[in-house]
Every structure is written in structure tokens, then in C-alpha cells.
Amino acid sequence: MPEVKNELTTPGSGRGLLGVYSNRFLLKLLVRKEIKVRYRGSVLGLLWSYVKPLMQFMIYFVALGIFLNLQKATPNYAIYLFSGIVLVNFFTEALGNSTRSIVENRDLIRKIYLPRELFPVATIWVSAAHFLPQVVILVGAALLVGWQPSAFQLLAAIAAFIVVAILATGLGLLFGAVNVYFRDSENIVDMILMVVTWASPVLYMWTMARDALGSWFWVYQVNPMTVAVEIFHWAFWYPTLGADQLGMVEMPPNLIAFWLPISLLVSLAVLFGGQFIFRRLAVHFAQEL
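As the structure is a computational prediction, the values presented were derived from the model and not from experiment. (Residues numbered from 1 in each chain as written. Predicted model: local features only at pLDDT ≥ 70, side-chain atom pairs only at ≥ 80, totals over all residues. Heavy atoms only, no water.)

> So what exactly am I meant to see when it comes to unusual backbone geometry here?
Excluding glycine, a negative phi dihedral is what most residues carry, and trans is how most peptide bonds are arranged. Look at Asn 76: it is not a glycine, yet its phi comes out positive at around 50 degrees. Note that Asn 76 resides in the loop between α4 (70-73) and α5 (77-104). Overall, Asn 76 belongs to the partly exposed group, its relative accessible area being 22%. A positive phi angle, close to 55 degrees, is found at Asn 254, a residue other than glycine. (Helix = DSSP H or I, 4+ residues; strand = E, 2+ residues; numbered from the N terminus. Buried < 20%, exposed > 50% of the residue type's maximum accessible area, 1.4 Å probe, protein only.)

> Mind showing me how you'd approach helix α10 (residues 206-213) here?
Looking only at α10, the buried set comprises Trp 206, Thr 207 and Ala 209. Taken end-on, α10 shows its buried residues confined to a sector of 160 degrees, consistent with a single buried face. Seen from the buried face of α10, the exposed residues on the opposite side, beyond 90 degrees, are Asp 211 and Ala 212. If you follow the buried residues of α10, they end up packed against α5, α11 (217-222) and α12 (224-237). Downstream of α10 by a residue or two, Gly 214 has a phi angle that is positive, lying close to 65 degrees. (Arc of directions from axis to C-beta. Contact = heavy atoms within 4.5 Å.)

> I would appreciate a short explanation of the side chain of Asn 97 in the present structure.
Looking at the element boundaries, Asn 97 is found in helix α5. Excluding its chain neighbours within four sequence positions, the residues that come into contact with Asn 97 are Arg 38, Thr 123 and Ser 127.

> Could you clarify how one ought to interpret a nonpolar patch on the surface in this entry?
On the surface, Ile 188, Met 191, Ile 192, Met 194 and Val 195 cluster together into a nonpolar patch covering about 470 Å² of accessible area. Looking at the element boundaries, Met 191 is found in helix α9 (residues 184-199). (Patch = residues over 30% accessible without salt bridge, like charges linked within 9 Å, V, L, I, M, F, W, Y side chains within 5 Å. Areas by Shrake-Rupley, 256 points an atom, 1.4 Å probe, with all protein chains shown as cover. Salt bridge = Lys/Arg side-chain N within 4 Å of Asp/Glu carboxyl O.)

> Where do I start with the nonpolar core in this structure?
Looking at soluble globular proteins, one finds that nonpolar side chains tend to be buried together. With 62 residues, the main nonpolar core has Leu 81, Phe 91, Phe 232 and Trp 237 as its most contacted residues. Among the elements that make up this core, the one with the highest residue count is α5 (13 residues). Setting aside chain neighbours within four positions, we find Phe 91 in contact with Val 164, Leu 167, Ala 168, Leu 171, Leu 193, Val 196 and Met 225. Counting 21 residues, the second-largest nonpolar core is a separate cluster that includes Val 20, Phe 119, Val 126 and Ala 177. (Core = buried A, V, L, I, M, F, W, Y, C linked by side-chain atoms within 4.5 Å.)

> Looking at this structure, I do not really get the packing of aromatic side chains. What am I missing?
Describing an aromatic ring pair means giving the distance of the ring centres and the angle of the ring planes. Evaluation of the coordinates by the stated rule reveals 17 aromatic pairs. Between the aromatic rings of Phe 57 and Phe 82, the centroid separation amounts to 5.6 Å while the plane-to-plane angle is 80 degrees, which identifies the pairing as edge-to-face. Taken as a pair, Phe 57 in helix α3 (residues 48-67) and Phe 82 in helix α5 lie far apart in primary sequence, 25 residues in all. Note on Phe 82: relative accessible area 5%, which makes it buried. On the basis of an interplanar angle of 40 degrees and a centroid distance of 4.8 Å, the ring pair of Phe 90 and Phe 161 is categorised as tilted. In this pair, Phe 90 is assigned in helix α5 and Phe 161 in helix α8 (residues 151-181), connecting sequence segments 71 residues apart. Under the relative-accessibility criterion, Phe 161 is labelled partly exposed at 21%. (Phe/Tyr/Trp six-rings, centres within 6.5 Å; stacked < 30°, edge-to-face > 60°.)

> Is there a simple way to explain the pattern of salt bridges in this structure?
Opposite charge on two side chains lets them pair, provided their charged atoms get close. Overall, the coordinates contain four salt bridges when judged by the stated rule. Two residues, Glu 104 and Arg 100, come together in a salt bridge whose shortest N-O distance is 3.7 Å. Of the two residues, Glu 104 and Arg 100 are both situated in helix α5; the distance of four residues between them amounts to about one turn of the helix. Residue Glu 104 is classed as exposed on the basis of its relative accessible area, which comes to 53%. Judged by its relative accessible area of 24%, Arg 100 is partly exposed. The closest approach of N and O atoms between Arg 110 and Asp 107, which form a salt bridge, is 3.6 Å. Of this pair, Arg 110 and Asp 107 both sit in helix α6 (residues 106-111), separated by three residues, roughly a single helical turn. The partly exposed category is assigned to Asp 107, whose relative accessible area is 47%. Salt bridges linked by common partners bring Arg 210, Asp 211 and Glu 250 together as one network.

This is how it looks when you write it as C-alpha cells:
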């Protein structure tokens, strides 16, 4: 008879995010559960993924594009605005929900052991599912005004989304773990999310930040969200401009060759840091919850 080894492992000392990959079936179940719970009793259901960003877009477009007349200085301002909004919405939803994911699943965590990282990662996937309908709307609107992107621009947009997903996962792991011990973390994240839209060139041109910050502009540009939003503008907004409009705009220099790799490195550093802290704190999740 072969010898059977029953090894006991300490909760929280698993393989981290690698354990999530090994438990893909559980991840699918958690994603389905999150979607069902979120829209339980809702009439529109997943259609809210279309309604909310469109309402947000209309508010910003009327307030900034019409009242402050930013659409005059920015050709196709509606596409410029919405291409930034969809990416920021993905990040804010992913980070906000992943921060609360451990606490909101306290009953499940108390009863059984499974990789704790599954819960924040599942919320990232749910946010990605909500992100796709918004991209469909963005592509449809861009096509109406003559969108003709290159394959390289589309690949850059995918890379920008991956950078944001990595950043949201790292921060979600960090704040999700800390939130178990200090519920003030939710309020801190809410304040961060209030700033995100204004800390990136979503509502305004990046040149405004460059002119205002001067030699400190590099600090603004190191933010992975800033680079990702600028790439989305380059992929979805810039190809809609006519030859007579290209002279009116300026894209950030070295956006793909330099700033994209920098933003990827920053996001990976946040991911590794968030995973490290998460694993250290996950040992006592069940007791603290």
C-alpha cells in the first residue's frame, strides 16, 4: 500500500495568487455568485453596466464639455471623455469591491478554508465583466465618428487594461486584508476613488497638468492610471481625428516605449507588495471576522 501523507497547513500560508489559478473552478463559482447577488431583485440587471457609465458621461459632458466649453478646445471631446471614464470606472469598481470582499464573505471564510485571494480576485473579474459592455459602447460611438485604429493601438489598449487590472488587484489585496483589522480602510479607499478621476487626464488634456506641474510632471506621469488613460485616448480617441484636427492636439512623448513599461513595473510592485501583506494578515482572518 502506498503511504498517504496528510500534511496540515496553516491557513493563509498557501500559494497566494498561484492558488487562485489552481482553483479556477471555485473562482468561476465566486464570480457567478457575485453577479447574482449584486443584481438580485433588480429589474435591469446587467443593463446597469450600460446605464451608470452613460449617466456619468452625460453629467461630465454637460458640466465640462458644454458649460465650461472644453469641447471647443478638444476635438471629439465626447469620445475623449468616455474613453477615460470606462477605464477609470473599471478601476474604481474593482478596488472598491475588492476592499470589501473579505469582510462581505466572512461567513464563508469562517466555515471553510480556501485561498483567501479568491475573493478579491473574483471581484476584479466581475468588474471586468462590467467593463466589456462599456467598451462596446465606446467602440460603437468611435466608429460613428470615423474611428480607424491600427493593430498596434489596439494592442496598446489591451496592455493598458492589463496594467490597470494588475494595479487594482494589488491594491485590492492590500486594502482587502487591512480592512479585516481596520474598517477605516473602506473610508480611505473611498477618498482615493474620489481623487482617481481627477488625478488622471480623464476630464482634461494632459498638457494642462504638464503646464501646471512643470518639473514635477514626472510624478504625475508615474501614476499607472495616468499612463493607461493616455493610452486609451491614443487608441480610441486619437484615431477619430481628421487631418485638420491632428495639429490641435499633442500626445505625451515616449508613451509606449518608456511610460508603459514604467507603469507596468509600478503596478507589479504594488501587486507583489499587496500579496505579501495579504498573506501575512490572512493567517488570522477567521478569528478577526
